[in-house]
Amino acid sequence: MKHSLRLIGAALLLLIIGTGTAGAQYYQIANQIPGLLQPALSGGLNYKGYVDGSYVVGMGNRRADFLELTTTQGFRYSSWFFMGVGAGVQVMFSDSNHPERPSWPADGFDPDRGTTRTACMIPLYTDFRFNIGGDQKDVTFFIDLRVGGSFLIGNDYIEIGDGYLTNSGCFYLKPAMGLRIPLNESGKQAINVGVSYQFLTSNYYRSYASNCSLNALGVTIGFDW
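Every chain is numbered on its own, with residues counted from 1 as its sequence reads. Owing to the predicted nature of the model, reporting of local features is limited to residues with pLDDT of at least 70; listing and counting of side-chain atom pairs is limited to 80 or more, with chain, interface and lining totals taken over all residues. Here the side-chain values reflect all heavy atoms present in the structure, with hydrogen atoms and water set aside.

Novice: Whenever I open this one, the packing of aromatic side chains confuses me. Can you help?
Specialist: The relation between two aromatic rings is expressed through the spacing of the ring centres and the mutual angle of the planes. Side-chain rings of Phe, Tyr and Trp, where Trp is taken by its six-membered ring, are said to pair if the distance between their centres is within 6.5 Å; with planes under 30 degrees apart they count as stacked, over 60 as edge-to-face, and otherwise as tilted. The final tally for this structure, using the stated rule, is 8 aromatic pairs. Judged by centre distance (5.7 Å) and plane angle (45 degrees), the ring pair of tryptophan 80 and phenylalanine 81 falls under tilted. Classification of tryptophan 80 by relative accessible area gives buried; the value is 5%. Through a chain of ring-to-ring contacts, three or more aromatic side chains come together here, namely Tyr77, Trp80, Phe81 and Phe130. Consider the ring centre and the ring normal. A charge sits over the ring if Lys NZ or Arg CZ is within 6 Å of that centre and within 35 degrees of that normal. The ring of phenylalanine 142 carries the charged tip of arginine 129 above its face, separated from the ring centre by 4.7 Å. The cut-offs for exposure are 20% and 50% of the maximum accessible area for each residue type, with area from a 1.4 Å probe on protein chains only; residues under the lower value are buried, those over the upper are exposed, and the others partly exposed.

As structure tokens, then:
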């Protein structure tokens with residue numbers, strides 16, 4: 001668990017380092033925070049949508065790669081801040097040491113259920129996105145943070161490492177950073193290219209029930225309108 005927290009801390013530190021030249025804008029953001037609710041109260045919210053694809057490669061002793069396609073819908077509260085909700089599809093490709101299946105039920109493990117190394121999951125999340133370095137007509141640096149859950153489709157246990165993921169729901173955390181590149185003069189449509197880190201937690205069974213943390217790092221590309 002400490003190792004996972006260190007990885008999360010390192011990922012967040014990278015995000016902070018990547019924005020080290022934007023000190024003046026941080027001051028501006030801090031001054032604007034009290035006004036974030038004003039668009040919602042006045043009806044002046046600007047709708048915005050995203051479609052993103054990513055591929056992240058697993059790290060650590062229990063590894064899994066994820067191919068993901070998501071869509072996010074929400075509102076721009078200012079030129080630099082977006083908040084919305086999203087959903088998508090993940091395909092997990094796990095790395096397994098072919099663990100031996102127990103022949104008796106213990107700690108909630110059902111030996112009659114099947115196992116797989118490829119699984120489909122549905123992520124549901126809240127998305128916070130920050131654009132730094134200009135308005136939507138400019139090439140800007142973005143930081144994106146997704147927090148929610150990812151849910152397994154099907155009843156099979158997932159073979160991973162020397163054990164099994166044994167429940168259908170995982171905590172889902174996915175920060176990303178990169179460049180937003182406008183596609184037209186208005187800047188309303190753009191391509192987003194960057195790197196992303198994914199952290200999942202789930203119940204895990206080896207010789208007993210415990211918790212498992214999955215860490216993965218990769219690339220993301222998307223389109224917004």
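Text resumes after the structure shown.
Novice: Would you mind showing me how to read the nonpolar core here?
Specialist: Across soluble globular proteins, you tend to see nonpolar side chains buried next to one another. In terms of nonpolar packing, the biggest core is built from 18 residues, with Phe66, Met92, Leu165 and Leu214 touching the most fellow members. Secondary structure is summarised from DSSP: a helix means a run of H or I of at least four residues, a strand means a run of E of at least two, and numbering begins at the N terminus for each. Elements with a minimum of two residues in this core: β2 (64–76), β5 (118–132), β7 (157–160), β9 (169–182), β10 (190–205) and β11 (209–224). Two residues qualify as a contact provided that any one of their heavy atoms is within 4.5 Å of a heavy atom in the partner residue. If we skip the residues at most four places from it in the chain, methionine 92 touches Ala64, Asp65, Phe66, Arg117, Thr118, Ala119, Met121, Ile158, Leu165 and Leu214. What we call a nonpolar core is a set of buried Ala, Val, Leu, Ile, Met, Phe, Trp, Tyr and Cys residues that are connected through their side-chain atoms within 4.5 Å.

Novice: Help me out: how do you make sense of a nonpolar patch on the surface in this one?
Specialist: In this scheme, patches are assembled from residues that exceed 30% relative accessible area and form no salt bridge. Like charges are connected within 9 Å, while nonpolar side chains (Val, Leu, Ile, Met, Phe, Trp, Tyr) are connected within 5 Å. For accessible areas, the Shrake-Rupley method is used with a probe of radius 1.4 Å. Any residue's cover is judged against the shown protein chains and nothing else. Here, a salt bridge means any side-chain nitrogen of Lys or Arg that lies within 4 Å of a carboxyl oxygen of Asp or Glu. Together, Tyr47, Val51, Leu69, Phe75, Leu183, Phe223 and Trp225 make up a nonpolar patch on the protein surface, roughly 640 Å² of accessible area in all. Within the residue set of the nonpolar patch, elements represented by two or more residues are β1 (46–59) and β2.

Novice: Got a minute to help me understand the side chain of threonine 70 in this structure?
Specialist: Along the chain, the position of threonine 70 falls in strand β2. Within polar-contact distance, the side chain of threonine 70 engages the side chain of arginine 146 at 3.0 Å. Look past the residues within four positions of threonine 70 in its chain and what remains in contact with it is Tyr50, Val51, Asp52, Ala87, Gly88, Pro123, Tyr125 and Arg146. Polar contacts, as used here, are pairs of N or O atoms within 3.5 Å; protein pairs need one atom able to donate a hydrogen and one able to accept it. Residues neighboring in sequence count only if both atoms are side-chain atoms.

Treat this as a map of the structure, not an account of what it does.
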